[in-house]
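Given next are the chains, with one letter for each unit.
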There are 2 protein chains.
Amino acid sequence: MTPMTPTFHDRAEDLVQRTGARVTRQRVEVLAVLLAARRALSHHEIEGRVNRGAGMDRVTVYRVLEWLTSHHLAHKIAGDDRVWRFNAAGDEPERTHAHAHFKCNDCGEVICLDEATAARSVPLPSGFHPQEVELTVKGLCAGCAPAAAAQRRSRAHAQHRH
Amino acid sequence: MTPMTPTFHDRAEDLVQRTGARVTRQRVEVLAVLLAARRALSHHEIEGRVNRGAGMDRVTVYRVLEWLTSHHLAHKIAGDDRVWRFNAAGDEPERTHAHAHFKCNDCGEVICLDEATAARSVPLPSGFHPQEVELTVKGLCAGCAPAAAAQRRSRAHAQHRH
DNA sequence: GTTTTCGCGCAACTCTGTTGCATTAGAACT
DNA sequence: AGTTCTAATGCAACAGAGTTGCGCGAAAAC
């Protein structure tokens, strides 16, 4: 009757415990949700998934997410819709400085492209010091690309409003 | 007694006129502000600069900016502070698909790195179709880099809260 | 100069995220 | 197990960015 696959829950619990701070239901649950997701989740999505189990306050979710990012258990991505999205941090706590993301223009899904091979050596004006590089590729994900193409086709036949 | 350098104002007026839509004081003024700025401006900054002349409603500024972007006279950038910033679009209406920006972590200033040399060929999972690439380099701009270094030094001596 | 209609101003609203404060519950210690 | 201490939670109220609806005013078409 556990609402979350035990594996993610246990991994989350372990990760929270390792920080030395308090292991609360809320922290574990939110982190478990992030670990289970294969894409970056908005606060709204996280709140929804977490509240299927017990209840959790909106503000608590915000604060837990803030805590998780400050402890490098998650990282946040600024979408172009003014909404933060969150990922469970990879197991490597070091490489927090060269994220690359893919955002689907159709379904809005954001995934992490961990192969941050690009983004090296961008030419800057003199006097400028680079610290982080954020690269976002936008386009159509594997799920939406065929659908979008089909939609374009049908729109070409009868073009209707709304 | 004109509040804006005539050059920018005139260029703005011309650009608006070319779209075929109505040439209003508001559209011209906002575009002139963008043309005059050498960096991306937030809505707040734009509103401030524009209101030094006559008055202009908050909402109108939003709508004008939306209109400008949809007519390719400006483009907007999502900052990591959840605030849109706006640039006058370059004179080339084509290259709307590979922006590169620099955001200063100290003063928050955003400038356009038009040499979008980077961002080519990011490896994507199969089935994914890239459409746009957005690259943001964060760091310290030429103005802030020395100041930030000095601040770090003095903070090392006496550390204080807020 | 009159008419038409697009765009502006105003007010009220939504949505994301934050702050202050009283209460609850980890976990450390008997 | 019970006590105690304090960090986290929940609640309510707030703040900032951006949006929507609607009547009026002013571009531009006639």
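As a starting point, this report considers the structure included with it. Everything numeric here is computed off the predicted structure, so don't read it as measured data. (Residues numbered from 1 in each chain as written. Chains lettered and ligands numbered in written order. Predicted model: local features only at pLDDT ≥ 70, side-chain atom pairs only at ≥ 80, totals over all residues. Heavy atoms only, no water.)

### Considering empty space enclosed by the protein
Short version of the rule: In the cavity and pocket records, a cavity denotes points on a 1 Å grid over the protein atoms alone where a 1.4 Å probe fits but cannot get out, a pocket denotes an open set with protein on both sides within 12 Å along at least 5 of 7 lines, and lining residues are residues with an atom within 4 Å of a point. Grid points are joined across faces, edges and corners, and a volume is the space filled by probe spheres set on the points. By definition, any uninterrupted DSSP run of H or I lasting at least four residues is a helix, any uninterrupted run of E lasting at least two residues is a strand, and each is numbered from the N terminus. Asp, Glu, Lys and Arg are counted as charged, while Ala, Val, Leu, Ile, Met, Phe, Trp, Tyr, Cys and Pro are counted as nonpolar; the rest, among them Gly, fall into the polar class.
Applying the stated criterion across every chain, the model contains three cavities of 30 Å³ or more. Within this model, the largest cavity holds a volume of roughly 260 Å³. In this structure, the largest cavity is lined by 21 residues; those nearest its centre are Ala78, Glu134 and Thr136 of chain A together with Ala78 and Glu134 of chain B. Of all the secondary structure elements, the ones that give two or more residues to the lining of the largest cavity are strand E2 (74–78), strand E4 (100–104) and strand E6 (129–140) of chain A together with strand E2 (74–78), strand E4 (98–104) and strand E6 (129–140) of chain B. Its residues assigned to classes, the lining of the largest cavity shows seven nonpolar, six polar and eight charged.

### A closer look at the packing of aromatic side chains
So the rule is basically this: Pairing of aromatic side chains requires ring centres within 6.5 Å, counting the rings of Phe and Tyr and the six-membered ring of Trp. Pairs whose planes differ by under 30 degrees are stacked, by over 60 edge-to-face, and all others tilted. Think of it in three bands: with a 1.4 Å probe and only protein chains considered, a residue is buried below 20% of the maximum accessible area for its type, exposed above 50%, and partly exposed in between. As a reminder, the over-ring test applies to NZ of lysine and CZ of arginine, requiring each to be within 6 Å of the ring centre and within 35 degrees of the ring normal.
All chains considered together, the criterion is met by two aromatic pairs over all chains. Centre to centre, the rings of Phe102 of chain A and Phe128 of chain B are 4.9 Å apart; their planes meet at 75°, and the pair counts as edge-to-face. Of this pair, Phe102 of chain A sits in strand E4 while Phe128 of chain B sits in the loop between strand E5 (110–112) and E6, placing the two residues on different chains. Of the residues examined, Phe128 of chain B reaches a relative accessible area of 17% and is grouped as buried. Across the ring face of Trp84 of chain A, the terminal group of Lys76 of chain A is positioned such that the distance to the ring centre comes to 4.3 Å.

### Some thoughts on the protein's contact with DNA strand C
Heads up, the condition is: Here a residue is considered near a molecule or strand provided that any single heavy atom belonging to it is located within 4 Å of it. Polar contacts here mean pairs of N or O atoms no more than 3.5 Å apart (in protein, one a potential hydrogen donor and the other a potential acceptor; neighbouring residues in sequence count only if both atoms are side-chain atoms).
Neighbouring DNA strand C are 24 residues; Val23 and Trp84 of chain A together with Arg22, Thr60 and Arg63 of chain B lie closest to it. Taken together, the sugar and phosphate atoms account for 57% of what DNA strand C places within 4 Å of the protein. Within the backbone of Val23 of chain A, an N or O atom sits 2.7 Å from a phosphate oxygen of DNA strand C. Contact between DNA strand C and Trp84 of chain A: a phosphate oxygen at 2.9 Å from a main-chain N or O atom of the residue. Mapped by element, the contributors of at least two residues to the surface near DNA strand C are helix H4 (58–70) of chain A together with helix H2 (25–36) and helix H4 (58–70) of chain B. Residues that form the surface near DNA strand C fall into these classes: nine nonpolar, five polar and 10 charged.

### A short note on the pairing of E4 of chain A
Residue and element names in this part refer to chain A. Quick note on the threshold: Following DSSP output, two strands are said to pair if at least two bridges run between them.
Burial analysis of E4 places five of its five residues in the buried class, the great majority of the element. Here E4 shows no split at all, with Ala100, Phe102 and Cys104 on one side and His101 and Lys103 on the other all buried. Where E4 lies against E6, five bridges are found, and the strand directions are parallel. Looking at E6, one finds that Cys104 is bridged to Gly139. Pairing analysis gives three bridges linking E4 to strand E5 (residues 110–112), with the strands arranged antiparallel. Its bridge partner lying in E5, Lys103 is registered against Val110. Taking the residues between adjacent antiparallel strands as the criterion, E4 and E5 are bridged by five residues, where Gly108 takes a positive phi near 85°.

### Quick look at the protein's contact with DNA strand D
Around DNA strand D, a shell composed of 23 residues is seen, among which Arg27, Thr60 and Arg63 of chain A together with Val23 and Trp84 of chain B lie nearest. The sugar and phosphate moieties of DNA strand D supply 56% of its atoms located within 4 Å of the protein. The contact in question runs from a phosphate oxygen of DNA strand D to an N or O atom on the side chain of Thr24 of chain A, over 3.0 Å. Between Trp84 of chain B and DNA strand D, the recorded distance is 3.1 Å, taken from a backbone N or O atom to a phosphate oxygen. Listing elements by their share of the surface near DNA strand D, those giving two or more residues are helix H2 (25–36) and H4 of chain A together with H4 of chain B. In the surface near DNA strand D, the residues fall into nine nonpolar, four polar and 10 charged.

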